2 protein chains.
Amino acid sequence: MLKDKSELSRTELERLGEFGLIDHLAEGTKLVQPSSIMGIGDDAAVIELKNRSILVSSDMLMEGVHFDLAYTPLKHLGYKAVAVNVSDIAAMNGTCSQITVSIGLSNRFSLEAIDELYEGIWQACAHYRCDLVGGDTTSSRAGLVISITAIGSVESEVLTTRGKAKLHDLICVSGNLGAAYIGLQILEREKQVFLSDSEMQPQLEAYEYIVGRQLRAEARTDVVAWLKEAGIVPTAMIDISDGLASDLLHICKQSGVGAKVYEDKLPIDATTKDTALEFKLNPTTVALHGGEDYELLFTVDQENHAIIEGQSEISVVGHITDASQGATLASIKGDMVELEAQGWRHF
Amino acid sequence: MLKDKSELSRTELERLGEFGLIDHLAEGTKLVQPSSIMGIGDDAAVIELKNRSILVSSDMLMEGVHFDLAYTPLKHLGYKAVAVNVSDIAAMNGTCSQITVSIGLSNRFSLEAIDELYEGIWQACAHYRCDLVGGDTTSSRAGLVISITAIGSVESEVLTTRGKAKLHDLICVSGNLGAAYIGLQILEREKQVFLSDSEMQPQLEAYEYIVGRQLRAEARTDVVAWLKEAGIVPTAMIDISDGLASDLLHICKQSGVGAKVYEDKLPIDATTKDTALEFKLNPTTVALHGGEDYELLFTVDQENHAIIEGQSEISVVGHITDASQGATLASIKGDMVELEAQGWRHF
């Protein structure tokens, strides 16, 4: 991170050309899914997913908007780009089996840099057992663009949308919230320190966990597997990319229900809390609006209460109410605060 | 084209924000395919394609690399972005049923501009009967980025790859070649005229056909339908995006064969020929290397000769030879010229 790359070897992309680069990337790509009939190398990939509902999700990451290469190692970026797409498939209670990756590159990038990016992509593919089956490589006039489509499937009976949460359902969230956002604040701070004095080395040891949550997101495929094992089909599910508040409001809107969340139930890691206070930020605000957690937010029927309680990775943070009551946070002090959406305002 | 847009109404994207823009685009999106179970509005789209092989193809178009907004109307651009992806599915002998569209936008674009782009996207979806089921919208620091993934299917028995052309097969091509490339030369020339004197209006009437081939590409789904009707399963197929020479070499490489193409059999439209000569370009070179034709190049067993001959939209341009003979062009003069690949060298 922030390291001097001048000593690394560099192969210019123009030496390879389009077909050379495609061949190079195809060579490193291994298929492991029986459903991947054909991968890279024809006009389209061929997939066989018999008797299951097919899930498709696309995400685009832009340099300078979604990531800053000053503190994002390319390998981590490649891993995260795959993980966030796998997370969308997980949020439908499904399993990702294939991805396509399209990248736009400027000649600022060498072949070695692309290899680092794909190292992360392949590592994520291996971890999530999904195959890279196609995509596109093109040049970009400005900055790196990564566009990924994830293809997965789910048994139709357990497909979980955002639209079927019902009165009295428990609102559950996996892992903890706000770490990725507060990790980003650390990275931005260290970048400013580095820019003002390049002799200064970033001090990240104490923040390893939260910085890791920002740089190397993981999709909670383990939670989907656990739900299946426990015999629980959530009534609604979404992955937390914009923050608990925004994403819970999506469930409320699409299910036609309200929600009540309890501040004291929000799972917040100790380092997240301490670092938020260091930045003079309210840890609850960070947990509600931080975003990029990629934890799963889901609702289950009350009858599952005991099973859910026994699972340490899942917290019950509230319950579904009537639509007329809106979506509210019951604060520790006892106030009721209305939850508000905060999408990005990049434009 | 090249028109003054100052008089059009303009709605800033920041007024809508991310969720507003997504809602706005989702409203305009209609689903017509029975296989589209759920479209925009959840973490992933849901598709049911029973007992067919699924085809997936992704393409990314970047402003300043793949298109120039100085002479590309946004509506045409949207249409073309879909058509080139549908073309990839057609080249597998399949049918596209769904697409996802991810766009990167700067605040240079107004809501009206985005609507124009989506007007073209929706028009292409209606024409090819494929549903827009998802995607991503994000801001871009530099220019417009359009990344599309097409999802389709094919009965496994008629799936056509690039890899099964065999000795003596006929090499066939739909429509005519080189028009899109020569149309681009016209547009570039008129842009230069306009830049040097903005009072000059572009003179495009005489070139309407070739300019149309550049700006508004069509996927040859009609050829796929005709092949099915005629009971012909090509041994290999590819769509011509890089030019006949490059794309035929892909078939040769993947099938382990050679090819012989006859210069006098190449289908070249009269306007293409005349305009090539006007630019002091060899029409044969334009037909072989022009690219962006999105015609289908395919090989069939000789027994289909009579049926193919009866179809005016398809030309037999040569035949498959032994790999040892390479891929060659028999010129009108009687020379044998080796065919060479020319991918892009954007970097």
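Refer to the preceding data block for the structure.
Because the structure is a prediction, the values reported are computed rather than measured.

Cut-offs used in this document
- Residues numbered from 1 in each chain as written.
- Chains lettered and ligands numbered in written order.
- Predicted model: local features only at pLDDT ≥ 70, side-chain atom pairs only at ≥ 80, totals over all residues.
- Heavy atoms only, no water.
- Helix = DSSP H or I, 4+ residues; strand = E, 2+ residues; numbered from the N terminus.
- Buried < 20%, exposed > 50% of the residue type's maximum accessible area, 1.4 Å probe, protein only.
- Contact = heavy atoms within 4.5 Å.
- Buried area = accessible area lost by both parts, 1.4 Å probe.
- Salt bridge = Lys/Arg side-chain N within 4 Å of Asp/Glu carboxyl O.
- Polar contact = N/O pair within 3.5 Å; in protein donor to acceptor, adjacent residues only side chain to side chain.
- Nonpolar A, V, L, I, M, F, W, Y, C, P; charged D, E, K, R; others polar.
- Pairing = 2+ DSSP bridges.
- Least-squares fit on C-alpha atoms with pLDDT ≥ 70 in both.
- Core = buried A, V, L, I, M, F, W, Y, C linked by side-chain atoms within 4.5 Å.
- Axes fitted to C-alpha atoms, helices over the stretch in contact; angles between N-to-C directions.
- Arc of directions from axis to C-beta.
- Expected span 1.5 Å × (residues − 1).

**Structural notes on the environment of Q302 of chain B**
Residue and element names in this part refer to chain B.
Then step 1. Relative to the helices and strands, Q302 resides in the loop between β10 (296–300) and α10 (305–309).
Then step 2. Given a relative accessible area of 48%, Q302 falls into the partly exposed group.
Then step 3. Spatially, the C-alpha atoms of Q302 and L170 are 5.9 Å apart, while their sequence positions differ by 132 residues.
Then step 4. Each residue touching Q302, except ones within four places of it in the same chain, is listed here: H168 and L170.

**Focus on the environment of W226 of chain A**
Residue and element names in this part refer to chain A.
Then step 1. In this structure, W226 sits in helix α6 (residues 221–230).
Then step 2. Between the C-alpha atoms of W226 and Q311, which are 85 residues apart in sequence, the distance is 9.3 Å.
Then step 3. Setting aside chain neighbours within four positions, we find W226 in contact with I232, I307, I308, Q311 and I314.

**Looking at the interface of chain B and chain A**
Then step 1. Taken together, the contacts link 76 residues of chain B with 76 residues of chain A.
Then step 2. Both sides together, the interface formed by chain B and chain A hides about 5,900 Å², and carbon and sulfur atoms give 56% of it.
Then step 3. For the pair chain B and chain A, the number of links is zero salt bridges.
Then step 4. Between the two partners, chain B and chain A, sit 16 residue pairs in polar contact (both at pLDDT 80 or more).
Then step 5. Residue composition of the side of chain B that touches chain A, by class: 30 nonpolar, 27 polar and 19 charged.
Then step 6. With three bridges connecting them, strand β2 (residues 45–47) of chain A and strand β3 (residues 53–62) of chain B associate as antiparallel partners. Pairing of I47 of chain A across the sheet is with I54 of chain B, part of β3 of chain B.

**Some words on the relation of the copies chain B and chain A**
Then step 1. For the pair chain B and chain A, the relating rotation is 180 degrees, the translation along its axis is 0.0 Å, and the fit reaches an RMSD of 0.0 Å. Look at the turn and shift together and you get a two-fold axis relating the two. Scanning chain B for the C-alpha nearest the rotation axis identifies A142 of chain B, at a separation of 2.7 Å.
Then step 2. Looking at chain B, 100% of its interface residues are interface residues in chain A too, so the copies touch through the same face.

**Here we look at the nonpolar core**
All names here are of chain B.
Then step 1. Grouped together as the largest cluster of nonpolar side chains are 42 residues, with contacts concentrated most on I99, I114, Y118, I121 and I146.
Then step 2. Taken together, the elements giving at least two residues each to this core come down to α1 (13–27), β3, α2 (74–90), β4 (95–105), α3 (111–128) and β6 (145–154).
Then step 3. The element that contributes the greatest number of residues to this core is α3, accounting for 10 residues.
Then step 4. Dropping the residues within four chain positions of it, I99 is found in contact with V82, I121, C125, C130, D131, L132, V133, G134, I148, T149 and A150.

**Some remarks on the sheet that holds β2 of chain A**
Strand-to-strand pairing in sheets goes through backbone hydrogen bonds, with the strands running parallel or antiparallel.
Then step 1. Taken in spatial order, the six strands line up as β1(A)-β2(A)-β3(B)-β6(B)-β4(B)-β5(B) in an open sheet, and their pairing is mixed. Strand pairing shows two members of the sheet lacking a second neighbour, β1 (36–38) of chain A together with β5 (131–139) of chain B, which therefore form its edges. For this sheet, the mean angle separating the axes of adjacent strands, direction not counted, is 20 degrees.
Then step 2. By the bridge criterion, 10 bridges tie β3 of chain B to β6 of chain B in an arrangement that is antiparallel. When the sheet's bridge partners are listed, D59 of chain B is paired in β6 of chain B with I148 of chain B.
Then step 3. Contacts from α2 of chain B reach β3, β4 and β6 of chain B within the one sheet, and its direction differs from that of β3 of chain B by about 145 degrees.

**Some remarks on helix α6 (residues 221–230) of chain B**
All names here are of chain B.
Then step 1. Turning to α6, its buried residues number three or more, namely V223, V224, W226 and L227. On an axial view of α6, the arc spanned by its buried residues comes to 165 degrees, and they lie on one face. Of the residues in α6, the exposed ones pointing more than 90 degrees away from the buried face are K228 and E229.
Then step 2. On its buried side, α6 packs onto α2, β7 (170–174), β8 (236–239), β10, α10 and β11 (314–321).
Then step 3. Residue G231 follows α6 closely and has a positive phi angle near 70 degrees.

**Side note on the sheet that holds β10 of chain B**
All names here are of chain B.
Then step 1. If you walk across this open sheet you meet the seven strands as β8-β10-β7-β11-β9-β12-β13, and the pairing is mixed. Two strands lie at the open edges of the sheet, namely β8 and β13 (336–338), each paired on one side alone. Mean inter-strand twist for the sheet, computed between neighbouring axes without regard to direction, equals 25 degrees.
Then step 2. As defined by bridge partners, strand β12 (residues 327–330) adjoins β13 across three bridges and the pair is classed as antiparallel. Residue pairing in the sheet places A330 in a bridge with M336 of β13.
Then step 3. Strands β7, β8, β10 and β11 of the sheet are contacted by α6, whose axis makes an angle of about 20 degrees with β10.

**Overview of the side chain of T235 of chain B**
Residues and elements named next belong to chain B.
Then step 1. By secondary structure assignment, the location of T235 is in the loop between α6 and β8.
Then step 2. Side-chain polar atoms of T235 contact the side chain of D169, separated by 2.7 Å.
Then step 3. Only 2.6 Å separates the side chain of T235 from the side chain of T299, close enough to count as a polar contact.
Then step 4. Setting aside chain neighbours within four positions, we find T235 in contact with T160, T161, K164, A165, K166, D169, T299, V300 and D301.

**Some points on the pairing of strand β6 (residues 145–154) of chain A**
Then step 1. Burial runs high along β6 of chain A: 10 of the 10 residues are buried.
Then step 2. Here β6 of chain A shows two buried faces, one formed by V145, S147, T149, I151 and S153 of chain A and the other by I146, I148, A150, G152 and V154 of chain A.

**Observations concerning helix α3 (residues 111–128) of chain A**
Then step 1. For α3 of chain A, spanning 18 residues, the distance from its first C-alpha to its last is 25 Å, which sits close to the expected 26 Å at 1.5 Å a residue.
Then step 2. R129 of chain A lies just past α3 of chain A and shows a positive phi near 50 degrees.

**Brief notes about the pattern of salt bridges**
Residues and elements named next belong to chain A.
Then step 1. This structure, assessed with the given rule, holds 27 salt bridges over all chains.
Then step 2. Across the pair D222 and R220 runs a salt bridge whose closest N-O atoms are separated by 3.0 Å.
Then step 3. D222 gets classed as partly exposed once you look at its relative accessible area, which sits at 40%.
Then step 4. Ionic pairing is found between R220 and E295, a salt bridge with its closest N-O pair at 2.9 Å.

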